[in-house]
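Take a look at the letters that make up each chain.
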Amino acid sequence: MKSDKKRIVVNLSKKMADLLPKHIARLLKMIGRKANEIGSSAFVVGGLVRDLLMGFKNIDLDIVVEGDAIELGSALVGDLGAALVAHKRFGTCTILTKEKLKIDLATARKESYERPAALPTVEFSSLKNDLSRRDFTINAMAVSINRETFGQLIDFFKGVSDLRHGRIRVMHDKSFIDDPTRIFRAVRFEQRFGFAIDGHTQELIQNAVGPERMFEHVGPQRIRDEVILILKEKEPIRALKRMEELHEFRFIHPKIKFGRDTERSFRAVGEACEWYEGANFKKRAIDKWLIYMMALFKDLSYNDLSAICDEFAFRRRDVLRMLSYKVRGEKSIKALSETRKIPPSRIYSLLNPLSFEATLLVMAMSSLLERRNGSLANSRIKDFFQKYNGVTIKLKGDDIKRLGLKPCPRYKEILRKVMVAKLDGAVRTKTDELKYAKSLIDEICG
Ligand code: CTP
């Protein structure tokens, strides 16, 4: 198409060589060559193109094919020794390479929405149509990867200009009606890049959340996933403030507000996580977003939180971690900040039943207490992570049996008491543990 060619602004092959890992650049060339062989045109689209232009690293491989994406995918898997999952109805496929790299290939398409917020009806079409159905101009650019045009940027909708001006702008007026989750995306990109949502786009957002009540038409799980993505951003506070400003959090629950108090909690969570990440002890990976989510929900009652977890279909594992804070969090903060001396075994029994995420929220919330109490609680929590959490005893049920007590429910109590003694430094070696267990058995047998 002649008019399409006019939109080629610049060649990005140097930027691609500089910013993309070598194996990704090689892969793109290979996909382009294969596209040539089967007589189709292939383009990288979406976030990778936007980030290339901004000088950020991104290896999200989203390829649009003018031709047949499944044919191209099938032609590639042999050479790559990779697996292919195809969806014929949508003309899409995903390649999974041996190195666990995921490449999404889609036949260029045009979409129409039968009703607002519904899943779209797909019709195969040109690259331009494909790009025009996307969310924002900065995400609607493509880079050709065919042999003779490798690296050519295709920008039909002034995406480069919007990037230069730091503008988040929709492609058309029905964008948020078609897909209301784009409202979250607008805020996410605006705050991530320090951009501004353009005036008209902002009006469209207000119309979609106000008169059109679009959030009522979106599946709660989709809303949940978008909120999680916002909480996964490097600086979620700014995005949440912006959300409060644009449409508040009534779509989750009328009692949720992102006011000063929640902002302070968020900052404290950030500091607690920073300590956790920098500290030197045997750690496990934590879900930082979940701690922020708990902080957002911290003033809700147990029942309200439970209802939200049901409505938004949070995974069971996440529900348990969130509820564990609701059940024990405040009690732990109170106990841990007491000025009187408390033994390690008590600290352990307060924090061990909590998830690490809930424990970090306890740490964050304690740091907001009056100074002396706050720092007491903080150092006790640090001790929990660094010293007590890894403590184990060598005593086993078999040892208790050998000491003469027939298997019975008392075993559990004996093991617990030995653990307490170990934490509090009253026993050290296995011999100490056996001796102490024996004294407990003697007591029981009277
Ligand atoms: N897209 C869209 N509407 C959506 C979601 C995605 O138009 N609701 C399009 C955009 O062109 C986007 C591309 O699909 O760039 C890929 O989506 P995704 O991977 O979710 O987003 P990225 O733009 O890559 O953003 P991020 O950097 O957060 O991954």
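Residues numbered from 1 in each chain as written. Predicted model: local features only at pLDDT ≥ 70, side-chain atom pairs only at ≥ 80, totals over all residues. Heavy atoms only, no water.

Novice: Talk me through the packing of aromatic side chains; I want residue IDs and the actual numbers.
Specialist: Here the structure, examined in full by the defined rule, presents 21 aromatic pairs. On the basis of an interplanar angle of 10° and a centroid distance of 6.0 Å, the ring pair of F56 and F193 is categorised as stacked. In this pair, F56 is assigned in the loop between helix 4 (47-54) and strand 3 (61-66) and F193 in helix 9 (residues 182-193), connecting sequence segments 137 residues apart. Of the residues examined, F193 reaches a relative accessible area of 14% and is grouped as buried. Pairing F266 with Y292 gives two aromatic rings, centres 4.8 Å apart and planes at 25°, and the pair type is stacked. One end of the pair, F266, is in helix 13 (residues 260-278); the other, Y292, is in helix 14 (residues 288-296), with 26 residues separating them in the sequence. Take F266: its relative accessible area is 0%, and that puts it in the buried class. Overall, the relative accessible area of 6% leaves Y292 in the buried class. Ring pairs connect the aromatic residues W275, Y276, F281, Y348, F356, F384 and F385, which therefore count as one cluster. (Phe/Tyr/Trp six-rings, centres within 6.5 Å; stacked < 30°, edge-to-face > 60°. Helix = DSSP H or I, 4+ residues; strand = E, 2+ residues; numbered from the N terminus. Buried < 20%, exposed > 50% of the residue type's maximum accessible area, 1.4 Å probe, protein only.)

Novice: A description of the site of the ligand should follow, citing residues and the corresponding values.
Specialist: Every one of the 15 residues lining the ligand counts as a neighbour, but R50, D135, D179, R188 and R192 are closest to it. Within the backbone of G47, one N or O atom sits 3.4 Å away from an oxygen atom of the ligand. Between the ligand and R134, the relevant distance is 3.1 Å, taken from an oxygen atom to a side-chain nitrogen or oxygen of the residue. For the shell around the ligand, the secondary structure elements donating two or more residues are helix 4 and helix 9. A total of five residues in the shell around the ligand trace back to one element, the largest contributor, which is helix 9. Per-class residue counts for the shell around the ligand are one nonpolar, four polar and ten charged. Viewed by domain, the shell around the ligand spans two of them, domain 1 (9-162) and domain 2 (166-251), each represented by three or more residues. (Near = heavy atom within 4 Å. Polar contact = N/O pair within 3.5 Å; in protein donor to acceptor, adjacent residues only side chain to side chain. Nonpolar A, V, L, I, M, F, W, Y, C, P; charged D, E, K, R; others polar. Domains from an automatic or database assignment.)

Novice: Mind laying out the state of the cysteines, listing which residues take part and the relevant values?
Specialist: A covalent bond between the sulfur atoms of two cysteines is referred to as a disulfide. The final tally for this structure, using the stated rule, is zero disulfides. A disulfide-free cysteine, C273 has its sulfur positioned 19 Å from the sulfur of C309, the nearest such atom. (Disulfide = S-S within 2.5 Å.)

Novice: Could you give an account of the domain arrangement of the chain, with specific residues and numbers?
Specialist: Assigned domains within the chain: domain 1 (9-162), domain 2 (166-251), domain 3 (259-391) and domain 4 (397-445). When each unit is reduced to the centre of its C-alpha atoms, the spacing between domain 1 and domain 4 is 64 Å.

Novice: Describe in detail the pattern of salt bridges, supporting the description with residues and values.
Specialist: Per the stated rule, a full pass over the model turns up 37 salt bridges. For D261, the salt bridge goes to K298, with nearest N and O atoms at 3.2 Å. In this pair, D261 sits in helix 13 while K298 sits in the loop between helix 14 and helix 15 (302-311), placing the two residues 37 residues apart along the sequence. Among the residues examined, D261 registers a relative accessible area of 40% and is labelled partly exposed. On the basis of relative accessibility, which here comes to 9%, the residue K298 falls in the buried class. Linking R340 and E338 is a salt bridge whose minimum nitrogen-to-oxygen distance equals 2.8 Å. Each of the salt bridges in this network shares a partner with another, and the network as a whole consists of D287, R315, D318, R321 and E357. (Salt bridge = Lys/Arg side-chain N within 4 Å of Asp/Glu carboxyl O.)

Novice: Go over the pairing of strand 3, please, and point to the residues and values.
Specialist: Note: strand 2 (residues 41-45) against strand 3, four bridges, orientation antiparallel. Considered in strand 3, the bridge of F43 is made with V64. (Pairing = 2+ DSSP bridges.)

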